[in-house]
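# Survey of secondary and tertiary structure
Spelled out from the first residue to the last, the chains are:
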Amino acid sequence: MSNVCEDHVFSKVFKTHSKTVFNYIFYKFGNEEKAHDAVQEAFVKLWQNCAKVSPEKAKSYVYTIANNLYLNVLKAEKVRLKHADSLVKDRTHESPEFLMEEKEYKKKLDDAINALPDNQRTTFLLNRIDGKKYAEIAEMEGVSVKAIEKRMHLALKSLREQIDGI
Amino acid sequence: MQENYLAKWLSDELSEEELREFKSSEAYTSYQKLKEASSRLAAPDFDADQALQRLKDEHIDNAPKVITLNPFKKFLRVAAVIAVLIAGSYFYINTLDEKVSTEFAERSEVVLPDDSEIFLNADSQISYSKKNWDNKRNVDLMGEAFFKVAKGKKFTVSTDHGTVAVLGTQFNVENRKGFFEVTCYEGLVSVTHNNKESKLPAGTSFLVINGNIVSAGTPDGSAPSWMNNESSFESIPLKYVFAELERQFNIKVTTENIDTNLLFTGSFNNTDLNMALKSISTPSKTRFTIDGDNVLFYAGNTLQ
(Lines give C-alpha, C1' and ligand atoms only; values in the text may rest on other atoms or scores of the structure.)
Protein backbone atom coordinates (compact mmCIF):
# COMPACT_ATOMS: atom_id res chain seq x y z
CA MET A 1 0.00 0.00 0.00
CA SER A 2 1.41 3.35 -0.97
CA ASN A 3 1.83 5.89 1.77
CA VAL A 4 2.15 9.67 1.52
CA CYS A 5 5.07 9.42 3.93
CA GLU A 6 7.09 7.74 1.20
CA ASP A 7 9.12 10.33 -0.58
CA HIS A 8 8.16 9.37 -4.12
CA VAL A 9 4.46 9.27 -3.30
CA PHE A 10 4.64 12.64 -1.64
CA SER A 11 6.58 14.15 -4.53
CA LYS A 12 4.03 12.79 -6.97
CA VAL A 13 1.14 14.26 -5.01
CA PHE A 14 3.01 17.54 -4.83
CA LYS A 15 3.73 17.71 -8.53
CA THR A 16 0.16 16.81 -9.39
CA HIS A 17 -1.60 19.26 -7.14
CA SER A 18 0.72 22.06 -6.11
CA LYS A 19 0.05 24.22 -9.13
CA THR A 20 -3.69 23.92 -8.71
CA VAL A 21 -3.39 24.77 -5.04
CA PHE A 22 -1.32 27.78 -6.04
CA ASN A 23 -3.84 28.90 -8.67
CA TYR A 24 -6.78 28.18 -6.40
CA ILE A 25 -5.45 30.54 -3.71
CA PHE A 26 -4.33 33.04 -6.29
CA TYR A 27 -7.78 33.18 -7.93
CA LYS A 28 -9.37 33.63 -4.55
CA PHE A 29 -7.18 36.35 -3.15
CA GLY A 30 -5.16 37.68 -6.07
CA ASN A 31 -1.99 37.51 -3.95
CA GLU A 32 0.86 35.59 -5.59
CA GLU A 33 3.11 35.55 -2.55
CA LYS A 34 0.38 34.22 -0.30
CA ALA A 35 -0.43 31.61 -2.91
CA HIS A 36 3.17 30.39 -2.80
CA ASP A 37 3.03 30.32 0.99
CA ALA A 38 -0.23 28.42 0.92
CA VAL A 39 1.38 25.69 -1.17
CA GLN A 40 4.21 25.35 1.32
CA GLU A 41 1.91 25.42 4.29
CA ALA A 42 -0.57 22.94 2.89
CA PHE A 43 2.06 20.40 1.88
CA VAL A 44 4.04 20.73 5.11
CA LYS A 45 0.84 19.87 6.95
CA LEU A 46 0.31 16.97 4.59
CA TRP A 47 3.84 15.75 5.27
CA GLN A 48 3.43 16.06 9.01
CA ASN A 49 0.19 14.12 8.87
CA CYS A 50 1.25 11.77 6.11
CA ALA A 51 0.50 8.70 8.17
CA LYS A 52 -3.08 9.79 8.68
CA VAL A 53 -3.89 10.94 5.15
CA SER A 54 -4.28 8.38 2.39
CA PRO A 55 -3.03 9.30 -1.12
CA GLU A 56 -6.66 9.45 -2.31
CA LYS A 57 -7.56 11.94 0.38
CA ALA A 58 -4.34 13.97 -0.03
CA LYS A 59 -5.82 16.13 -2.78
CA SER A 60 -8.84 17.44 -0.88
CA TYR A 61 -6.68 17.63 2.25
CA VAL A 62 -4.26 20.16 0.77
CA TYR A 63 -7.07 22.26 -0.73
CA THR A 64 -8.83 22.38 2.62
CA ILE A 65 -5.66 23.41 4.42
CA ALA A 66 -4.83 26.05 1.82
CA ASN A 67 -8.37 27.38 1.84
CA ASN A 68 -8.66 27.58 5.61
CA LEU A 69 -5.29 29.26 5.83
CA TYR A 70 -6.51 32.64 4.64
CA LEU A 71 -10.20 32.30 5.29
CA ASN A 72 -11.44 35.51 6.84
CA VAL A 73 -7.83 36.68 7.16
CA LEU A 74 -6.79 37.84 3.75
CA LYS A 75 -8.61 40.53 1.86
CA ALA A 76 -9.02 39.78 -1.81
CA GLU A 77 -6.78 41.81 -4.08
CA LYS A 78 -7.00 42.36 -7.77
CA VAL A 79 -6.34 39.16 -9.63
CA ARG A 80 -3.89 39.88 -12.40
CA LEU A 81 -4.00 37.32 -15.14
CA LYS A 82 -2.01 36.99 -18.29
CA HIS A 83 -3.65 37.01 -21.65
CA ALA A 84 -2.10 34.74 -24.19
CA ASP A 85 -2.24 35.99 -27.76
CA SER A 86 -4.91 34.59 -29.93
CA LEU A 87 -3.79 31.29 -31.39
CA VAL A 88 -5.50 32.14 -34.64
CA LYS A 89 -3.30 34.66 -36.35
CA ASP A 90 -5.64 36.40 -38.63
CA ARG A 91 -3.67 38.94 -40.63
CA THR A 92 -6.74 40.73 -41.89
CA HIS A 93 -7.86 41.41 -38.36
CA GLU A 94 -4.63 42.98 -37.23
CA SER A 95 -5.78 46.44 -38.04
CA PRO A 96 -5.11 49.12 -35.41
CA GLU A 97 -8.82 49.24 -34.72
CA PHE A 98 -8.95 45.56 -34.13
CA LEU A 99 -5.95 45.62 -31.81
CA MET A 100 -7.43 48.49 -29.92
CA GLU A 101 -10.69 46.65 -29.59
CA GLU A 102 -8.91 43.53 -28.46
CA LYS A 103 -6.99 45.44 -25.80
CA GLU A 104 -10.15 47.06 -24.57
CA TYR A 105 -11.91 43.73 -24.40
CA LYS A 106 -9.09 42.22 -22.33
CA LYS A 107 -9.34 45.08 -19.87
CA LYS A 108 -13.09 44.68 -19.63
CA LEU A 109 -12.70 40.97 -19.06
CA ASP A 110 -10.12 41.59 -16.33
CA ASP A 111 -12.35 44.05 -14.57
CA ALA A 112 -15.38 41.82 -14.90
CA ILE A 113 -13.46 38.83 -13.45
CA ASN A 114 -12.32 40.91 -10.52
CA ALA A 115 -15.84 42.11 -9.92
CA LEU A 116 -17.03 38.53 -9.41
CA PRO A 117 -17.58 37.14 -5.94
CA ASP A 118 -14.55 35.08 -4.79
CA ASN A 119 -16.19 31.70 -5.15
CA GLN A 120 -17.56 32.42 -8.65
CA ARG A 121 -14.21 33.77 -9.82
CA THR A 122 -12.35 30.79 -8.40
CA THR A 123 -14.73 28.33 -10.00
CA PHE A 124 -14.67 30.12 -13.34
CA LEU A 125 -10.89 30.38 -13.51
CA LEU A 126 -10.26 26.83 -12.31
CA ASN A 127 -12.41 25.68 -15.17
CA ARG A 128 -11.18 28.06 -17.83
CA ILE A 129 -7.49 28.13 -17.00
CA ASP A 130 -6.85 24.84 -15.29
CA GLY A 131 -9.48 22.91 -17.23
CA LYS A 132 -10.91 21.49 -14.01
CA LYS A 133 -14.19 19.65 -14.38
CA TYR A 134 -17.08 20.83 -12.22
CA ALA A 135 -16.89 17.64 -10.20
CA GLU A 136 -13.24 18.31 -9.37
CA ILE A 137 -13.92 21.87 -8.35
CA ALA A 138 -16.83 20.65 -6.23
CA GLU A 139 -14.45 18.30 -4.44
CA MET A 140 -11.91 21.05 -3.85
CA GLU A 141 -14.49 23.44 -2.51
CA GLY A 142 -16.33 20.78 -0.60
CA VAL A 143 -19.68 21.56 -2.19
CA SER A 144 -22.02 19.76 -4.60
CA VAL A 145 -21.46 19.69 -8.35
CA LYS A 146 -24.75 21.50 -8.76
CA ALA A 147 -23.52 24.35 -6.59
CA ILE A 148 -20.46 24.67 -8.80
CA GLU A 149 -22.63 24.67 -11.92
CA LYS A 150 -24.68 27.43 -10.37
CA ARG A 151 -21.56 29.46 -9.62
CA MET A 152 -20.34 28.92 -13.17
CA HIS A 153 -23.65 29.93 -14.66
CA LEU A 154 -23.83 33.08 -12.55
CA ALA A 155 -20.21 33.90 -13.29
CA LEU A 156 -20.75 33.71 -17.04
CA LYS A 157 -23.93 35.72 -16.76
CA SER A 158 -22.35 38.56 -14.79
CA LEU A 159 -19.20 38.56 -16.92
CA ARG A 160 -21.23 38.97 -20.07
CA GLU A 161 -23.41 41.62 -18.53
CA GLN A 162 -20.40 43.53 -17.27
CA ILE A 163 -18.53 43.32 -20.56
CA ASP A 164 -21.50 44.17 -22.73
CA GLY A 165 -22.53 46.89 -20.36
CA ILE A 166 -26.01 45.53 -19.79
CA MET B 1 -33.57 25.92 -21.16
CA GLN B 2 -32.40 23.89 -18.19
CA GLU B 3 -31.04 25.31 -15.01
CA ASN B 4 -27.48 26.62 -15.19
CA TYR B 5 -27.46 26.17 -18.96
CA LEU B 6 -24.45 28.45 -19.35
CA ALA B 7 -22.37 26.10 -17.24
CA LYS B 8 -23.74 23.13 -19.16
CA TRP B 9 -22.91 24.83 -22.45
CA LEU B 10 -19.31 25.37 -21.38
CA SER B 11 -18.94 21.72 -20.47
CA ASP B 12 -20.69 20.57 -23.63
CA GLU B 13 -23.58 19.09 -21.75
CA LEU B 14 -26.40 20.80 -23.59
CA SER B 15 -28.67 18.70 -25.81
CA GLU B 16 -28.63 19.51 -29.53
CA GLU B 17 -31.94 21.18 -29.24
CA GLU B 18 -30.87 23.33 -26.34
CA LEU B 19 -27.64 24.23 -28.10
CA ARG B 20 -29.55 25.31 -31.18
CA GLU B 21 -31.82 27.48 -29.09
CA PHE B 22 -28.88 29.02 -27.24
CA LYS B 23 -27.00 29.74 -30.45
CA SER B 24 -29.96 31.62 -31.79
CA SER B 25 -30.12 33.90 -28.77
CA GLU B 26 -28.64 37.38 -29.14
CA ALA B 27 -26.28 36.92 -26.21
CA TYR B 28 -24.62 33.88 -27.79
CA THR B 29 -21.93 35.85 -29.63
CA SER B 30 -20.91 37.54 -26.42
CA TYR B 31 -20.72 34.22 -24.58
CA GLN B 32 -18.77 32.64 -27.43
CA LYS B 33 -16.26 35.47 -27.29
CA LEU B 34 -16.06 35.18 -23.51
CA LYS B 35 -15.41 31.44 -23.83
CA GLU B 36 -12.60 32.00 -26.31
CA ALA B 37 -11.00 34.89 -24.48
CA SER B 38 -11.12 33.15 -21.11
CA SER B 39 -9.51 30.04 -22.54
CA ARG B 40 -6.46 32.11 -23.33
CA LEU B 41 -6.12 33.39 -19.79
CA ALA B 42 -3.14 32.22 -17.81
CA ALA B 43 -2.23 32.21 -14.14
CA PRO B 44 1.15 33.47 -12.90
CA ASP B 45 4.04 31.08 -13.42
CA PHE B 46 4.41 28.37 -10.87
CA ASP B 47 7.42 26.07 -10.78
CA ALA B 48 6.35 22.92 -8.99
CA ASP B 49 9.90 21.47 -8.85
CA GLN B 50 11.24 24.63 -7.31
CA ALA B 51 8.39 24.77 -4.81
CA LEU B 52 8.98 21.14 -3.87
CA GLN B 53 12.68 21.82 -3.41
CA ARG B 54 11.89 24.78 -1.19
CA LEU B 55 9.51 22.67 0.82
CA LYS B 56 12.13 19.98 1.32
CA ASP B 57 14.88 22.45 2.16
CA GLU B 58 12.90 24.54 4.55
CA HIS B 59 10.65 22.07 6.21
CA ILE B 60 11.02 18.40 5.51
CA ASP B 61 14.77 17.87 5.49
CA ASN B 62 15.06 19.86 8.66
CA ALA B 63 12.29 18.01 10.38
CA PRO B 64 14.15 14.78 11.23
CA LYS B 65 17.05 16.82 12.54
CA VAL B 66 14.71 18.65 14.85
CA ILE B 67 13.38 15.36 16.11
CA THR B 68 16.82 13.96 16.84
CA LEU B 69 17.92 17.24 18.38
CA ASN B 70 15.05 17.45 20.78
CA PRO B 71 15.93 14.65 23.20
CA PHE B 72 19.51 15.89 23.22
CA LYS B 73 18.32 19.40 24.04
CA LYS B 74 16.19 18.00 26.80
CA PHE B 75 19.17 16.04 28.05
CA LEU B 76 21.29 19.19 27.92
CA ARG B 77 18.69 21.07 29.88
CA VAL B 78 18.57 18.41 32.57
CA ALA B 79 22.35 18.15 32.60
CA ALA B 80 22.67 21.91 32.96
CA VAL B 81 20.31 21.94 35.92
CA ILE B 82 22.16 19.07 37.59
CA ALA B 83 25.50 20.76 36.95
CA VAL B 84 24.25 23.97 38.50
CA LEU B 85 22.90 22.09 41.50
CA ILE B 86 26.12 20.17 42.01
CA ALA B 87 28.28 23.25 41.57
CA GLY B 88 25.98 25.24 43.82
CA SER B 89 25.91 22.70 46.61
CA TYR B 90 29.67 22.19 46.28
CA PHE B 91 30.29 25.88 46.82
CA TYR B 92 27.65 26.04 49.53
CA ILE B 93 29.12 23.11 51.45
CA ASN B 94 32.58 24.54 50.99
CA THR B 95 31.66 27.88 52.42
CA LEU B 96 29.84 26.25 55.31
CA ASP B 97 31.77 26.65 58.50
CA GLU B 98 33.05 23.69 60.42
CA LYS B 99 31.13 23.40 63.64
CA VAL B 100 32.04 21.60 66.84
CA SER B 101 29.84 21.74 69.87
CA THR B 102 29.60 20.10 73.25
CA GLU B 103 26.55 19.29 75.36
CA PHE B 104 26.23 19.55 79.11
CA ALA B 105 28.79 17.41 80.95
CA GLU B 106 30.75 16.93 77.77
CA ARG B 107 34.10 18.11 76.49
CA SER B 108 35.77 18.08 73.15
CA GLU B 109 39.08 18.76 71.53
CA VAL B 110 39.50 20.26 68.10
CA VAL B 111 42.66 20.41 66.05
CA LEU B 112 42.60 23.24 63.53
CA PRO B 113 44.17 23.04 60.04
CA ASP B 114 47.35 24.74 61.33
CA ASP B 115 47.63 22.36 64.30
CA SER B 116 46.28 24.92 66.73
CA GLU B 117 44.28 23.17 69.40
CA ILE B 118 40.99 24.09 70.94
CA PHE B 119 39.61 22.40 74.05
CA LEU B 120 35.90 22.92 74.40
CA ASN B 121 34.37 23.00 77.85
CA ALA B 122 30.79 21.83 78.42
CA ASP B 123 27.90 23.44 76.54
CA SER B 124 30.10 25.28 74.10
CA GLN B 125 30.37 25.67 70.39
CA ILE B 126 32.99 26.83 67.96
CA SER B 127 32.76 27.35 64.23
CA TYR B 128 35.43 28.24 61.74
CA SER B 129 36.00 28.17 57.99
CA LYS B 130 38.19 25.19 57.15
CA LYS B 131 38.56 26.29 53.52
CA ASN B 132 39.52 29.84 54.28
CA TRP B 133 41.61 29.01 57.33
CA ASP B 134 44.98 29.93 55.83
CA ASN B 135 43.72 33.41 54.95
CA LYS B 136 41.75 34.10 58.05
CA ARG B 137 42.36 32.37 61.33
CA ASN B 138 39.09 33.17 63.02
CA VAL B 139 37.00 31.09 65.39
CA ASP B 140 33.50 31.98 66.50
CA LEU B 141 32.97 30.94 70.07
CA MET B 142 29.92 30.45 72.23
CA GLY B 143 30.71 29.06 75.65
CA GLU B 144 34.17 28.34 76.96
CA ALA B 145 37.29 27.06 75.34
CA PHE B 146 41.00 26.91 75.92
CA PHE B 147 43.17 27.74 72.95
CA LYS B 148 46.69 26.60 72.17
CA VAL B 149 47.45 28.66 69.10
CA ALA B 150 50.21 27.66 66.69
CA LYS B 151 52.59 30.43 65.72
CA GLY B 152 51.65 32.27 62.55
CA LYS B 153 49.33 34.95 61.40
CA LYS B 154 46.85 36.74 63.60
CA PHE B 155 44.41 34.42 65.27
CA THR B 156 41.10 35.79 66.40
CA VAL B 157 38.31 34.47 68.57
CA SER B 158 35.01 36.20 67.96
CA THR B 159 32.38 36.23 70.67
CA ASP B 160 29.29 38.30 71.15
CA HIS B 161 31.10 40.07 73.99
CA GLY B 162 34.19 41.01 72.04
CA THR B 163 37.09 39.81 70.01
CA VAL B 164 40.26 38.17 71.24
CA ALA B 165 43.27 38.47 68.97
CA VAL B 166 46.54 36.70 69.41
CA LEU B 167 49.70 35.67 67.58
CA GLY B 168 50.55 32.30 68.98
CA THR B 169 49.87 31.68 72.61
CA GLN B 170 47.72 29.82 75.06
CA PHE B 171 44.62 31.34 76.46
CA ASN B 172 41.17 30.58 77.72
CA VAL B 173 38.00 32.33 76.67
CA GLU B 174 34.77 31.96 78.56
CA ASN B 175 31.85 33.54 76.87
CA ARG B 176 28.59 32.95 78.72
CA LYS B 177 25.42 34.88 79.23
CA GLY B 178 26.43 38.06 81.06
CA PHE B 179 29.91 36.66 81.62
CA PHE B 180 33.03 37.08 79.56
CA GLU B 181 36.47 36.10 80.72
CA VAL B 182 39.73 35.83 78.85
CA THR B 183 42.75 34.40 80.55
CA CYS B 184 46.17 34.41 78.99
CA TYR B 185 48.59 31.65 79.94
CA GLU B 186 51.33 32.24 77.43
CA GLY B 187 52.31 35.02 75.05
CA LEU B 188 50.23 38.12 74.58
CA VAL B 189 46.53 38.38 73.99
CA SER B 190 44.63 41.37 72.81
CA VAL B 191 40.99 41.63 73.84
CA THR B 192 38.63 44.04 72.15
CA HIS B 193 35.54 44.63 74.22
CA ASN B 194 33.10 47.43 73.36
CA ASN B 195 35.61 48.68 70.78
CA LYS B 196 38.25 49.04 73.49
CA GLU B 197 41.39 47.03 73.16
CA SER B 198 43.16 45.59 76.19
CA LYS B 199 46.46 43.78 76.15
CA LEU B 200 46.71 40.72 78.33
CA PRO B 201 50.19 39.51 79.08
CA ALA B 202 50.70 35.95 80.24
CA GLY B 203 49.29 35.23 83.68
CA THR B 204 46.50 37.79 83.58
CA SER B 205 42.77 37.72 83.07
CA PHE B 206 40.18 40.01 81.60
CA LEU B 207 36.74 39.66 83.13
CA VAL B 208 33.45 41.26 82.25
CA ILE B 209 30.38 40.51 84.30
CA ASN B 210 27.07 41.97 83.17
CA GLY B 211 28.85 44.47 80.98
CA ASN B 212 31.18 45.71 83.74
CA ILE B 213 34.87 45.10 83.58
CA VAL B 214 35.88 43.48 86.82
CA SER B 215 39.43 43.16 88.04
CA ALA B 216 40.17 39.49 88.11
CA GLY B 217 42.63 37.47 90.11
CA THR B 218 45.72 35.98 88.57
CA PRO B 219 45.34 32.49 87.15
CA ASP B 220 47.34 29.57 88.49
CA GLY B 221 49.29 27.19 86.32
CA SER B 222 49.63 27.07 82.59
CA ALA B 223 46.13 26.00 81.71
CA PRO B 224 42.65 26.72 82.99
CA SER B 225 41.68 24.58 85.94
CA TRP B 226 38.83 22.94 84.01
CA MET B 227 41.44 21.29 81.86
CA ASN B 228 42.32 19.40 85.03
CA ASN B 229 38.70 18.66 85.82
CA GLU B 230 38.35 21.46 88.26
CA SER B 231 36.30 24.64 88.05
CA SER B 232 37.93 27.52 89.86
CA PHE B 233 36.42 30.85 90.80
CA GLU B 234 37.84 33.97 92.26
CA SER B 235 35.31 36.52 93.48
CA ILE B 236 32.68 35.34 91.04
CA PRO B 237 28.95 35.77 91.75
CA LEU B 238 27.37 32.52 92.91
CA LYS B 239 24.94 32.35 89.98
CA TYR B 240 27.82 31.86 87.53
CA VAL B 241 29.21 29.21 89.82
CA PHE B 242 25.87 27.39 89.80
CA ALA B 243 25.63 27.80 86.03
CA GLU B 244 29.03 26.18 85.67
CA LEU B 245 27.96 23.40 88.02
CA GLU B 246 24.91 22.74 85.87
CA ARG B 247 27.05 22.59 82.75
CA GLN B 248 29.65 20.30 84.22
CA PHE B 249 27.26 17.75 85.68
CA ASN B 250 24.22 18.23 83.46
CA ILE B 251 22.00 18.98 86.40
CA LYS B 252 19.43 21.59 87.24
CA VAL B 253 20.28 23.90 90.13
CA THR B 254 17.59 25.80 91.99
CA THR B 255 18.13 28.10 94.93
CA GLU B 256 16.02 29.18 97.87
CA ASN B 257 16.70 32.25 100.04
CA ILE B 258 20.16 32.65 98.62
CA ASP B 259 21.64 35.84 97.20
CA THR B 260 23.21 34.50 94.04
CA ASN B 261 25.14 37.74 93.55
CA LEU B 262 27.33 36.95 96.53
CA LEU B 263 30.90 36.50 95.42
CA PHE B 264 32.39 33.06 95.59
CA THR B 265 36.03 32.13 95.68
CA GLY B 266 36.93 28.51 95.46
CA SER B 267 36.78 25.56 93.13
CA PHE B 268 34.90 22.33 92.62
CA ASN B 269 35.76 19.02 91.11
CA ASN B 270 34.16 18.32 87.74
CA THR B 271 33.97 14.56 88.17
CA ASP B 272 32.41 13.98 91.58
CA LEU B 273 29.08 15.76 92.05
CA ASN B 274 28.89 15.17 95.77
CA MET B 275 32.35 16.55 96.32
CA ALA B 276 31.60 19.48 94.06
CA LEU B 277 28.38 20.30 95.91
CA LYS B 278 30.22 20.26 99.20
CA SER B 279 32.95 22.43 97.74
CA ILE B 280 30.34 25.07 97.00
CA SER B 281 28.06 24.75 100.00
CA THR B 282 30.76 24.85 102.66
CA PRO B 283 32.43 28.16 101.78
CA SER B 284 29.13 29.80 100.84
CA LYS B 285 27.50 28.54 104.01
CA THR B 286 24.58 27.01 102.20
CA ARG B 287 22.93 23.60 102.27
CA PHE B 288 21.76 21.41 99.43
CA THR B 289 19.53 18.46 98.67
CA ILE B 290 19.71 16.22 95.61
CA ASP B 291 16.65 14.88 93.87
CA GLY B 292 17.69 13.02 90.73
CA ASP B 293 19.11 15.61 88.36
CA ASN B 294 17.81 18.45 90.48
CA VAL B 295 19.85 20.11 93.16
CA LEU B 296 18.35 22.60 95.58
CA PHE B 297 20.62 25.04 97.41
CA TYR B 298 19.09 26.79 100.37
CA ALA B 299 20.28 29.11 103.12
CA GLY B 300 21.96 27.24 105.94
CA ASN B 301 19.92 28.76 108.74
CA THR B 302 16.49 28.11 107.34
CA LEU B 303 14.53 24.88 107.10
CA GLN B 304 15.41 21.62 108.76
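Residues numbered from 1 in each chain as written. Chains lettered and ligands numbered in written order. Predicted model: local features only at pLDDT ≥ 70, side-chain atom pairs only at ≥ 80, totals over all residues.

### Some words on the overall build of chain A
Scanning chain A from terminus to terminus reveals 7 helices and 1 strand. Going from the N terminus to the C terminus, chain A shows its helices and strands as α-α-α-β-α-α-α-α. Buried positions account for 36% of the 166 residues belonging to chain A. Relative to all contacts within chain A whose residues are 6 or more apart in sequence, the contacts with residues 24 or more apart total 68%. (Helix = DSSP H or I, 4+ residues; strand = E, 2+ residues; numbered from the N terminus. Buried ≥ 20, exposed ≤ 12 C-beta atoms within 10 Å, placed from the backbone. Contact = placed C-beta atoms within 7 Å.)

### A word on the UniProt feature "transmembrane region" (unreviewed entry) in chain B
As annotated in UniProt, the feature "transmembrane region" (unreviewed entry) corresponds to residues 75-93 of chain B in the numbering used here. Secondary structure over residues 75-93 of chain B splits into 100% helix and 0% strand, and the C-alpha atoms at its two ends are 26 Å apart. (UniProt positions renumbered as here; feature names shortened; annotations may be inferred.)

### So, helix 7 (residues 145-164) of chain A
Over its 20 residues, helix 7 of chain A extends 28 Å from the first C-alpha to the last, a length consistent with the 28 Å expected when each residue adds 1.5 Å. Every buried residue of helix 7 of chain A is listed here: Ile148(A), Glu149(A), Arg151(A), Met152(A), Ala155(A), Leu156(A) and Leu159(A). All buried residues of helix 7 of chain A project into a common sector of 160° when viewed along the axis, lining one side. Where the residues of helix 7 of chain A are buried, they touch helix 4 (96-115), helix 5 (118-128) and helix 6 (134-141) of chain A together with helix 1 (5-10) and helix 3 (28-39) of chain B. Phi turns positive one or two residues past the end of helix 7 of chain A, at Gly165(A), with a value near 70°. (Expected span 1.5 Å × (residues − 1). Arc of directions from axis to C-beta.)

### Considerations on helix 6 of chain A
Residues Tyr134(A), Ile137(A), Met140(A) and Glu141(A) constitute the buried set of helix 6 of chain A. Taken end-on, helix 6 of chain A shows its buried residues confined to a sector of 120°, consistent with a single buried face. Next to the buried residues of helix 6 of chain A lie helix 1 (7-29), helix 3 (55-70), helix 5 and helix 7 of chain A together with helix 1 of chain B.

### Notes on the interface of chain A and chain B
On the side of chain B, 25 residues touch chain A, which itself brings 35 residues to the contact. Sorting the residues of the side of chain A that touches chain B by element identifies helix 1, helix 2 (32-48), strand 1 (82-83), helix 4, helix 5 and helix 7 of chain A as the ones contributing at least two each. At 10 residues, helix 7 of chain A tops the list of elements feeding residues into the side of chain A that touches chain B. For the side of chain A that touches chain B, the per-class residue count stands at 17 nonpolar, 8 polar and 10 charged. (Nonpolar A, V, L, I, M, F, W, Y, C, P; charged D, E, K, R; others polar.)

### Concerning the environment of Ala105(B)
Residue and element names in this part refer to chain B. Its location among the elements puts Ala 105 in the loop between strand 2 (98-101) and strand 3 (108-111). Between the alpha carbons of Ala 105 and Gln 248 there is a distance of 4.4 Å; along the sequence they are 143 residues apart. Look past the residues within four positions of Ala 105 in its chain and what remains in contact with it is Ala 122, Gln 248, Phe 249 and Asn 250.

### Points about the sheet that holds strand 16 (residues 252-256) of chain B
All names here are of chain B. In spatial order, the strands read 16-19-18; together these 3 strands make up an open sheet with mixed pairing. Each of the sheet's edge strands pairs with one partner strand only, and the pair in question is strand 16 and strand 18 (286-291). Neighbour-to-neighbour, the strand axes of this sheet turn through a mean angle of 20°, independent of strand direction. Pairing geometry for strand 18 and strand 19 (residues 294-299), over 6 bridges, is antiparallel. Within strand 19, the residue paired with Thr 286 across the bridge is Ala 299. Sheet strands touched by helix 7 (residues 273-284): strand 18 and strand 19. Its angle to strand 18, the strand with the most contacts, is close to 150°. (Pairing = 2+ DSSP bridges. Axes fitted to C-alpha atoms, helices over the stretch in contact; angles between N-to-C directions.)

### Brief notes about the packing of helix 6 of chain A against helix 7 of chain A
Residues and elements named next belong to chain A. Their axes nearest at 8 Å, the elements helix 6 and helix 7 cross at an angle of 105°. By the criterion of interaxial angle, the relationship of helix 6 to helix 7 is roughly perpendicular. Residue-level contacts link Tyr 134, Ala 135, Ile 137, Ala 138 and Glu 141 of helix 6 to Val 145, Ala 147, Ile 148, Glu 149 and Met 152 of helix 7. Split into classes, the residues belonging to the contact of helix 6 with helix 7 amount to 8 nonpolar, no polar and 2 charged. (Parallel < 35°, antiparallel > 145°, perpendicular 65-115°, else oblique.)

### With respect to the environment of His36(A)
Residues and elements named next belong to chain A. With respect to the secondary-structure elements, His 36 resides in helix 2. Using a count of 19 C-beta atoms within 10 Å as the deciding quantity, one classes His 36 as partly exposed. Sequence-wise, His 36 and Phe 22 are 14 residues apart; in three dimensions their C-alpha atoms are separated by 6.1 Å.

### Some points on the pairing of strand 6 (residues 137-148) of chain B
Residue and element names in this part refer to chain B. With 4 bridges joining them, strand 4 (residues 117-120) and strand 6 adopt antiparallel strand pairing. The partner of Phe 119 across the bridge, within strand 6, is Phe 146. With 3 bridges connecting them, strand 5 (residues 125-128) and strand 6 associate as antiparallel partners. Residue Gln 125 lies in a different strand from strand 6, and its bridge partner there is Met 142. Across 4 bridges, the pairing between strand 6 and strand 7 (residues 155-158) is parallel.

### Looking at the packing of helix 2 of chain A against helix 3 of chain A
All names here are of chain A. Helix 3 packs onto helix 2 with a crossing angle of 130° between their chain directions and a minimal axis gap of 9 Å. On the basis of their axis angle, the class for helix 2 and helix 3 is oblique. Considering the relative orientation of helix 2 and helix 3, their crossing is right-handed. Here helix 2 contributes Lys 34, Ala 38, Glu 41, Ala 42, Phe 43, Lys 45 and Leu 46 to the contact with helix 3, which in turn contributes Ala 58, Tyr 61, Val 62, Ile 65, Ala 66, Leu 69 and Tyr 70. Looking at the contact of helix 2 with helix 3, its residues break down into 11 nonpolar, no polar and 3 charged. (Left-handed = near helix turned anticlockwise from the far one by under 90°.)

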